[in-house]
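One-letter residues, chain by chain:
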Amino acid sequence: MAHDTDRIEEFDPESSILFLGSGFSLGATNISNDSPPNGKGLRRHFIQQLKLPADTDYDLQVLSEEFAEDNPRKLRDELYRIFRLTALTAGQTAVLDEPWRRIYSTNYDDAVELHRLSKKAPPNAFDVSEPVPNKLPHGAVVHLHGSIRLITPENVKESLVLGEGSYVNQYVIRSPWYDQFQRDLAFASALYVVGYSLADYHIAGLLMANPKLAERTFFIQGPTPDQTFVRRTAQYGRTMFIGTDGFAKALACIPRPAAPALESLRAFRLLTPTRDNKAGARPTAPEVFDLLVYGDFDASRLARSQPSEDYAIARADAVHAAADAVESKRSLVVDGRLGNGKSIFLHLLAFELTSRGWTCLLLRPGHPDLQREIATLASIDRVVVFIDQYSAAQDSLRGLREALPNAKLVLEVRTGTFEVRFHELAQLLPKPFDRVSLNVLTRAEVIALGRLCERVGLRAPAKDSRGDFRDLLLELFKNTAIRDRVRAALAPLFEKRATRRILTMTMLIATHQGAVGAAFVRSVVGEDPFVALKPLEDLSHEIFETSSDNFKARSSIFSSFVIDAFIEPDEIADAVVEVTLAAARRRIERPYRILMSNMMAYSSLRRTLRGKVDPEAIIIGIYERLRYDERVNAEPLFWLQYAIAMAETTRLDTADEYIGTAYRKAQDLPGFQTYQIDTQAFRIALLRATQQNRGQPIFNIDVILEGIERIDAMLGDESHRSYAVKVLDYLQPFVAARISDLAAGERTALQFWLLKVAKSLASLPEDFRATAGSEAVQKRVEAAAASFIN
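The structure reproduced in this document is the subject of the present report. (Residues numbered from 1 in each chain as written. Predicted model: local features only at pLDDT ≥ 70, side-chain atom pairs only at ≥ 80, totals over all residues. Heavy atoms only, no water.)

### Side note on the side chain of threonine 511
Inspection of the secondary structure assignment puts threonine 511 in the loop between helix H23 (497-510) and helix H24 (518-525). Ignoring anything within four residues of it in the chain, the contact list for threonine 511 reads Leu338, Ser556, Ser559 and Ser560. (Helix = DSSP H or I, 4+ residues; strand = E, 2+ residues; numbered from the N terminus. Contact = heavy atoms within 4.5 Å.)

### Section: the packing of aromatic side chains
With the rule as written, the count across this model stands at 31 aromatic pairs. Aromatic pair phenylalanine 558 and phenylalanine 561: ring centres 6.4 Å apart, planes at 40°, arrangement tilted. With a gap of 3 residues between them, phenylalanine 558 and phenylalanine 561 both fall in helix H27 (residues 556-566), about one helical turn apart. Residue phenylalanine 558 is classed as buried on the basis of its relative accessible area, which comes to 1%. Each member of the aromatic cluster is reached from another via a ring pair, and the members are Phe289, Tyr294, Phe477, Phe494, Phe558, Phe561 and Phe566. Seen from the ring of phenylalanine 289, arginine 485 lies directly overhead, with NZ or CZ sitting 3.9 Å from the centre. (Phe/Tyr/Trp six-rings, centres within 6.5 Å; stacked < 30°, edge-to-face > 60°. Buried < 20%, exposed > 50% of the residue type's maximum accessible area, 1.4 Å probe, protein only. Lys NZ or Arg CZ within 6 Å of the ring centre and 35° of its normal.)

### Some points on the nonpolar core
Ranked by size, the top nonpolar core spans 154 residues in total, and within it Phe386, Phe520, Phe558 and Tyr623 carry the most contacts. When residues no more than four places from it in sequence are discounted, the contact partners of tyrosine 623 are Met600, Ala601, Tyr602, Leu605, Phe638, Gln641, Tyr642 and Ala645. Core analysis: the next-biggest nonpolar cluster, separate from the first, contains 35 residues, Tyr675, Leu705, Leu715 and Ile739 among them. (Core = buried A, V, L, I, M, F, W, Y, C linked by side-chain atoms within 4.5 Å.)

### Considering helix H36 (residues 701-715)
Counted at 1.5 Å a residue, the expected span for H36 with its 15 residues is 21 Å, and the 21 Å between its end C-alpha atoms agrees. Restricting attention to buried positions, one finds in H36 the residues Ile701, Ile704, Leu705, Gly707, Ile708, Ile711, Asp712, Met714 and Leu715. Residues of H36 that are buried sit in contact with helix H35 (675-691), helix H37 (721-727), helix H38 (731-738) and helix H39 (744-762). (Expected span 1.5 Å × (residues − 1).)

### Considering unusual backbone geometry
Glycine aside, the phi torsion of most residues is negative, and most peptide linkages are trans. The peptide bond linking glutamine 306 to proline 307 adopts the cis configuration, its omega dihedral lying at 5°. One can find proline 307 in the loop between helix H13 (299-305) and helix H14 (316-328). Cis geometry is found at the peptide bond from lysine 431 to proline 432, where omega equals 0°. In this structure, proline 432 sits in the loop between helix H19 (422-428) and strand S15 (433-437).

### Regarding the pattern of salt bridges
Under the definition given, this model contains 38 salt bridges. Close ionic contact of arginine 84 with aspartate 110 constitutes a salt bridge, the shortest N to O distance being 2.7 Å. Taken together, the residues arginine 84 in the loop between helix H3 (72-83) and strand S3 (85-87) and aspartate 110 in the loop between strand S4 (102-105) and helix H5 (111-118) connect sequence positions 26 residues apart. Owing to a relative accessible area of 28%, arginine 84 belongs among the partly exposed residues under this scheme. With a closest N to O distance of 3.1 Å, aspartate 484 and arginine 487 form a salt bridge. Of this pair, aspartate 484 and arginine 487 both sit in helix H22 (residues 480-494), separated by 3 residues, roughly a single helical turn. We classify aspartate 484 as partly exposed; its relative accessible area is 39%. (Salt bridge = Lys/Arg side-chain N within 4 Å of Asp/Glu carboxyl O.)

### So, the environment of glutamate 542
Looking at where glutamate 542 falls in the secondary structure, it is placed in helix H26 (residues 537-543). Those residues in contact with glutamate 542 that lie beyond four places of it in its chain are Asp290, Tyr294, Asp296 and Arg554.

### Side note on the sheet that holds strand S8 (residues 217-221)
Reading across the sheet, the 7 strands line up as S5-S6-S4-S1-S7-S8-S9 and stay open at both edges, with parallel pairing between neighbours. Every other strand in the sheet has two partners, leaving strand S5 (125-127) and strand S9 (238-241) as the edge strands with one partner each. Between one strand axis and the next, the sheet turns by 20° as a mean value, whatever way the strands run. The pairing of strand S1 (residues 16-20) with strand S7 (residues 190-194) spans 5 bridges and is classified as parallel. Looking at the pairing, serine 16 lines up with alanine 190 of S7. Most of the contacts of helix H8 (residues 176-187) go to S4, to which it runs at about 135°, and overall it touches S1, S4, S5, strand S6 (141-143) and S7. (Pairing = 2+ DSSP bridges. Axes fitted to C-alpha atoms, helices over the stretch in contact; angles between N-to-C directions.)

### A look at helix H12 (residues 285-294)
Each α-helix winds once per 3.6 residues, and so residues spaced three or four apart point in a common direction. Counting buried residues in H12 gives 7 out of 10 residues, a clear majority hidden from the surface. When we look at burial in H12, the residues that qualify are Val288, Phe289, Asp290, Leu291, Leu292, Val293 and Tyr294. Buried residues along H12 sit against helix H15 (342-355), helix H20 (443-455), helix H21 (469-476), H22, H26 and H27. Phi turns positive one or two residues past the end of H12, at glycine 295, with a value near 75°.

### Details of the pairing of strand S13 (residues 383-387)
Every regular strand shows the same layout, with side chains that alternate between the two sheet faces. Counting buried positions along S13 yields 5 of 5 residues, so the element is predominantly enclosed. Along S13, one buried face is formed by Val383, Val385 and Ile387 and the opposite face, lined by Val384 and Phe386, is buried too. One crossover worth recording links strand S12 (residues 359-363) to the parallel S13 by way of helix H16 (residues 370-378), and it is right-handed. Assessed by its sense of winding, the connection that carries the chain from S13 through helix H17 (residues 390-403) to strand S14 (residues 408-414) is right-handed. (Right-handed = clockwise from strand over helix to strand, strands pointing away.)

### Notes on the sheet that holds strand S10 (residues 268-270)
Spatial ordering of the open sheet is given by S10-S12-S13-S14-S11-S15, a layout of 6 strands whose pairing is mixed. Only two strands of the sheet have a single partner each, and these edge strands are S10 and S15. Looking at each pair of strands side by side, their axes are set apart by 25° on average, direction ignored. Bridge count for S13 against S14 is 4 bridges, and the pairing is parallel. Within S14, the residue paired with phenylalanine 386 across the bridge is valine 410. Across the sheet, H15 lies against S10, strand S11 (331-336), S12, S13, S14 and S15, angled at about 165° from S14, the strand it touches most.

Shown next, in the form of structure tokens:
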């Protein structure tokens, strides 16, 4: 990046972040009628107070503790005298006059609070020691090193961060405020860092070396150029040597943005097909290979290839059906299993709708400009809003629906999520809504995929192949040539521990269709992923997709293959534990709570470890490591997953105990729904009764009868019935094994409930019965009921 010759072309304080370093407060007046020092000045102050040699090597942490000795009040009073301010300079006041989106500070002083007091405005100040609220007010100031307003003699040593090591290791990586800082950065139009000093704390402890963030980061330094500073911060942003006063003058002259146009929206991205001067060029074989194998998808290349199938199969029938549904319904759900091409399908659908005169936009959930930009969209006819991150966008759906009553919504969701959260979706989506499933390829689509593969040198699937898109692509990787090529391509990433861990972690998350921020990756791996991958930039671009708010593997299918083929079981186990614990620390946020649950789910672990030696032992080892964390231990779903693992290893008595633990943990969480626990409790009860010695009374028949009644009630619930259908398959083996051991009253009660369940299964909606396989389950339940008569 360049430095002070660059100009800030446009300034929008409403969407910008101001970051204050210790140099910002220089020149202000404190209660001692002096000026507060910067980091180096504070260190010199304590050296003088302690009468130590000027060239002493002690850092600020040691000096401050020595100053306090056995009298913390002495340290508190000294810091209060230094950092409690009474007046600001004109330049400081002008900078703080701007309506910043957010202000972060590593300063202990109360400059921002003093300014707001003078304006009779609420301070909206937060300290790193305080919990992060559900919603921060616009303009909130966050003191990352602690605040002078909160320190007491009792907490002074813990409340103020006075050393680089404690800041980087304790406060930056693990603090929930750092997560908030990273979210704010992801959506900010610009970050202005004023008065930051390399002598205080290294910039790598605050920012990621993300080129997309560096493009909109400006360091405002004093008027004396410092080439060392420029070199040390070059990968993080641009430097302007103009000082606080020069910055204030610049802000007064820089143009402010006009009302946002469609092309410049930030909370939405326009999905208009982009065709450039290469419109006539056909996709190259490497481009198609990279899409099919690595998932390196280029939307503009897809647009340029239309209407041919030289880049991706068109899925024309499904696209036209989906477009017709958008025309006639208020909203549309596009569902598919992991890796079935939902992202490409959304672009194909957007291209079709654009040709029909619709304006198609992709929502960026959580963006602070959302409400402001909705006003721009409200005046536009024929708008379709695409949503590809349901868990992140869930809180915005109702407001979006009410603010844009004439807009159509298209929601992408995994099939499993659709099945178990149907009732929730039915409440949030505008009605009427329709559904298009991508789980089955037509014969014509299989043939088109075969042609596409053959043109780029890949083995084509058989024309009579059945299955979904994911299954057909995974077949490609069985080709020895492809496997060897992938192994050779990934070799540089496997050479270093950090890059191997980044690869394993992000691909593991991708197999759950998850995406996290780069800061989350660093919190697990301990290194900035952009720095670690910089020497392998070309390779990493093929595999990873990075934006200001996401860091993820491009292809869930490729990720599944790499995990299966090249990652050792102990590496998988370590990554699962590390990601789960990191997500547990952030579980107050829905996406991380979902990530935590998905990572420790028995079914996903079993699928991930398929083909590895002794997967059950690995899974139990993972659960043993997780249960020592208090946050995970308190989760009912953790004990449910451990119970499932015990049941699969025939430790049914232990599984029953863990189910009981899951119920007890659920009682401590108001509003927690136990339907997943209920189904597994019923399954384990049936398995225990089935394996009990014949000729004895069934010891848990009351539990089984209560369970089947509960399962029957679940069949009437749109969100829970898919779980109920699966567990009913265990009824017939139980009846066949134990029918002769039932007492007369037990036989009557069980037969009644079997007939009742069969009737409930028969009355399920036709579309659900077709996709859930409930008709086969119904026949087995009816057969079990008939055995009482026979």
